[in-house]
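Chain by chain, the residues run as shown.
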Amino acid sequence: MRTFPDGFLWGTATAAYQIEGAVAEGGRKPSVWDTFAHTPGRIENGYTGDVACDHYHRYDEDVELMSSLGLGAYRFSAGWSRVMPDGVGPANPAGLDFYDRLVDALLERGIVPALTLNHWDMPQALQDRGGWPDRATVDAFVEYARALAGRLGDRVRLWTTHNEPWVIAYNGYGEGSMAPGVRDWKAASRAAHHLLLAHGRAVTALRALGAPEIGYSPCVIPHRPATDRPEDALAARRANELIYGWFLDPVFHGRYPRLLWDRFAEHGCLPDVEDGDMDEIRAPIDFLGVNYYMVFDTVDDPDENGPAGFRELLPPLPRTDCDWPVHPDGLRETLVEINREYRPKAMYVTENGASYDDPPRANGVVDDPRRVEFLRSHFAAAHGAIEAGVPLRGYFVWTLLDNFEWIWGYNRTFGIVHVDRDTQRRTVKSSARFYERVARTNTLP
Ligand code: GCO
């Protein structure tokens, strides 16, 4: 039996566009994800987040569900275009009211609120003016952060600036597979720099408004060399720099990682870094969130991943329904490595989970033994990291509800709670019951 430290937070994580629905209610206007999802051919089956889990109307039921499972924390994102429908200008009172009600509902049940400002849903109005490659978007983001912190600063304990900024910068602006679907690596590196600057300035603004704990949630997908060829070792290092080094070195060390910087330079894709930017980006944070799902093997390939020039291979491991390799010990290694390299004051696993499709049986029961095993083995790895000295303070399982899984739409299910797409009925899966035991006892049986 493994016991976790006192006060360890057990929660789930969600994102606004993936669960809220109500995309044209309460003054909300489109985000880049509404536009992208409504573009034919972008999302499987033409699915959109228009309705999603209807959480906007059912938030109280969903919070009650978390409470019934004994969960002590909830990581959610504010819909940027719900709070700032036009990107700039005054905040939308109805949007702020929604998050106000949600936060109060959590606090009434003793659930710690953890708010992410940017889980990818930038207002379309800002994209129309240039989006993240445009430096003015930094100011718009800080205004948005101020509006939320001005309203909720006293009640939300954990504040996160961006979720997985590499997805926005490289998938969104570089290879174009995610919103806003741009294919331009110069735009991608500019977007990355502005995301970092927006992070740093938002940290400073949140601090001034009294936000208790401020952090950041990049995604760490460790890439290992597939062979002992030196060029594959370098390719793996570039892959790691692209996905997380680019977003962590500036925040903790005040500089960009060298290998990729040189590659961007060779391709004429460097961002415009102005005097003082790196100091602003380096504003101290209280915690680092890590999203961890998988590992990949890597080979050198100048034709893939733009200037980073690498290709991913599947290691010989079991895989989830997303074809993601399952490697629990990679979580322990990642936490230990990241802690050694960056020395954050505290860490959280801000996302970890798996897509497995286990439909309800005739008697209504949803049994998902593969997810139970996935969670059990990853919790054990997190415990191993704590034993190795990592200041890990909590764990957020991705995710509470089967939801809109980006380009896969509703074809991938990560929830510990099943959602019937026609009726919106929520059914607790066996993984949720397993998680309940862990959360209530703070131990892993
Ligand atoms: C992610 C996202 C989640 C995904 C999850 C599964 O940060 O990639 O935070 O929104 O749904 O990772 O793909």
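Going by the structure above, here's the rest.
Residues numbered from 1 in each chain as written. Predicted model: local features only at pLDDT ≥ 70, side-chain atom pairs only at ≥ 80, totals over all residues. Heavy atoms only, no water.

**Q** Report on the overall build of the protein chain, specifying residues and quantitative values.
**A** Each helix and strand counted, the protein chain has 15 helices and 15 strands in total. Scaling as 2.2 N^0.38, a compact globule of 445 residues should have a C-alpha radius of gyration of about 22 Å, and the protein chain matches this with 20 Å. For the protein chain, the spread of C-alpha atoms along the principal axes amounts to about 60 × 55 × 45 Å. The proportion of buried residues among the 445 residues of the protein chain is 62%. (Helix = DSSP H or I, 4+ residues; strand = E, 2+ residues; numbered from the N terminus. Rg over C-alpha atoms; globule rule 2.2 N^0.38 Å. Buried < 20%, exposed > 50% of the residue type's maximum accessible area, 1.4 Å probe, protein only.)

**Q** Run through the sheet that holds strand E8 (residues 287-291), naming residues and quoting values.
**A** Sheet strands line up and pair through hydrogen bonds in the backbone, either parallel or antiparallel. Taken in spatial order, the eight strands of this closed barrel run E2-E3-E4-E5-E6-E8-E11-E12, and their pairing is parallel. Averaged over all pairs of adjacent strands, the angle between their axes in this sheet comes to 25°, without regard to strand direction. Summarising the sheet, strand E5 (residues 158-163) and strand E6 (residues 213-217) pair through four bridges and their orientation is parallel. Following the sheet pairing, tryptophan 159 is matched in E6 by isoleucine 214. The strands touched by helix H5 (residues 93-108) are strand E3 (73-77) and strand E4 (112-118); relative to E3, the strand with the most contacts, the crossing angle is about 170°. (Pairing = 2+ DSSP bridges. Axes fitted to C-alpha atoms, helices over the stretch in contact; angles between N-to-C directions. Contact = heavy atoms within 4.5 Å.)

**Q** Run through the pairing of strand E2 (residues 9-13), naming residues and quoting values.
**A** Each regular strand displays side chains that alternate between the two surfaces of the sheet. Counting buried residues in E2 gives five out of five residues, a clear majority hidden from the surface. Residues Leu9, Gly11 and Ala13 line one face of E2 and the alternating positions Trp10 and Thr12 line the opposite face, and both faces are buried. Summarising the sheet, E2 and strand E12 (residues 392-398) pair through five bridges and their orientation is parallel. Note that in E12 the partner of tryptophan 10 across the bridge is tyrosine 395. Pairing of E2 with E3, which is carried by three bridges, proceeds in the parallel orientation. Bridge pairing links alanine 13 to arginine 75 in E3.

**Q** Can you tell me about the packing of aromatic side chains, naming the residues and giving the values?
**A** When we look at a pair of aromatic rings, we describe it by the centre distance and by the angle of the planes. Here the structure, examined in full by the defined rule, presents 43 aromatic pairs. Seen in terms of ring centroids, tryptophan 324 and phenylalanine 414 are 5.8 Å apart; in terms of plane orientation they differ by 55°. Their pairing is tilted. Taken as a pair, tryptophan 324 in the loop between strand E10 (310-313) and helix H13 (328-342) and phenylalanine 414 in the loop between E12 and strand E13 (417-419) lie far apart in primary sequence, 90 residues in all. Each of the two residues, tryptophan 324 as well as phenylalanine 414, counts as buried. Plain terms: the ring middles of phenylalanine 379 and tyrosine 395 are 4.8 Å apart, the flat faces sit at 85° to each other, and that makes the pair edge-to-face. (Phe/Tyr/Trp six-rings, centres within 6.5 Å; stacked < 30°, edge-to-face > 60°.)

**Q** Can you tell me about the nonpolar core, naming the residues and giving the values?
**A** Counting residues in each nonpolar core, the largest one holds 157 residues, and the members touching the most others are Trp33, Trp132, Leu148, Trp159, Tyr170 and Phe379. Broken down by element, this core gets its largest block of residues, 12 residues, from helix H9 (residues 185-208). Each residue touching tryptophan 33, except ones within four places of it in the same chain, is listed here: Tyr17, Ile43, Trp120, Met178, Ala179, Phe404, Trp406 and Ile407. (Core = buried A, V, L, I, M, F, W, Y, C linked by side-chain atoms within 4.5 Å.)

**Q** Could you give an account of the sheet that holds strand E9 (residues 296-300), naming the residues involved and the relevant values?
**A** Here we have three strands laid out as an open sheet, ordered E7-E9-E10, and mixed in their pairing. Edge positions in the sheet fall to strand E7 (223-225) and E10, since each of these pairs with one other strand and no more. Recorded for the sheet is a direction-independent mean angle of 45° between the axes of neighbouring strands. Note that E7 and E9 share three bridges and pair parallel. Bridge assignment links proline 225 to a residue of E9, and that residue is threonine 298.

**Q** Which residues make up helix H8 (residues 165-174), and what values do they have?
**A** The element H8 is extensively covered by neighbouring structure, given that 10 of its 10 residues are classed as buried. At the exit of H8 stands glycine 176, carrying a positive phi of roughly 80°.

**Q** Before we move on, could you go through the site of the ligand and cite the residues and values that matter?
**A** Taken together, the neighbourhood of the ligand is formed by 13 residues, with Gln18, His119, Glu164, Glu351 and Glu405 sitting nearest. At 2.8 Å from an oxygen atom of the ligand is found a side-chain nitrogen or oxygen belonging to histidine 119. Separating an oxygen atom of the ligand from a side-chain N or O atom of glutamate 405 is a distance of 2.6 Å. Of the residues that constitute the shell around the ligand, the class distribution is six nonpolar, four polar and three charged. (Near = heavy atom within 4 Å. Polar contact = N/O pair within 3.5 Å; in protein donor to acceptor, adjacent residues only side chain to side chain. Nonpolar A, V, L, I, M, F, W, Y, C, P; charged D, E, K, R; others polar.)

**Q** Which residues make up the pattern of salt bridges, and what values go with them?
**A** As enumerated under the stated definition, the model contains 38 salt bridges in all. For arginine 58, the salt bridge is made with aspartate 54, and the minimal N-O distance between the two is 2.9 Å. When its relative accessible area of 14% is taken as the criterion, aspartate 54 is described as buried. Across the pair arginine 155 and aspartate 100 runs a salt bridge whose closest N-O atoms are separated by 3.0 Å. Of this pair, arginine 155 sits in the loop between helix H7 (136-152) and E5 while aspartate 100 is found in helix H5, placing the two residues 55 residues apart along the sequence. (Salt bridge = Lys/Arg side-chain N within 4 Å of Asp/Glu carboxyl O.)

**Q** So what's going on with the environment of aspartate 321? Which residues, and what values?
**A** For aspartate 321, the position within the fold is in the loop between E10 and H13. Residue classification places aspartate 321 among the partly exposed positions, given a relative accessible area of 33%. When the C-alpha positions of aspartate 321 and asparagine 411 are compared, they lie 9.7 Å apart, and in sequence the two are 90 residues distant. What aspartate 321 contacts, discounting residues up to four positions off in sequence, is Ser355, Tyr356, Asp357, Arg370 and Arg412. Polar contacts involving the side chain of aspartate 321 include one to the main-chain amide nitrogen of aspartate 357, which spans 2.6 Å.

**Q** Give me the state of the cysteines: which residues, what numbers.
**A** This model, assessed by the stated rule, comprises zero disulfides. With no disulfide of its own, cysteine 53 lies 16 Å from the sulfur of cysteine 322, the closest cysteine sulfur. We classify cysteine 53 as buried; its relative accessible area is 0%. Lacking any disulfide linkage, cysteine 219 is separated from the closest cysteine sulfur, that of cysteine 322, by 13 Å. We classify cysteine 219 as buried; its relative accessible area is 4%. (Disulfide = S-S within 2.5 Å.)

Functional significance is not addressed by these values, which are geometric in nature.
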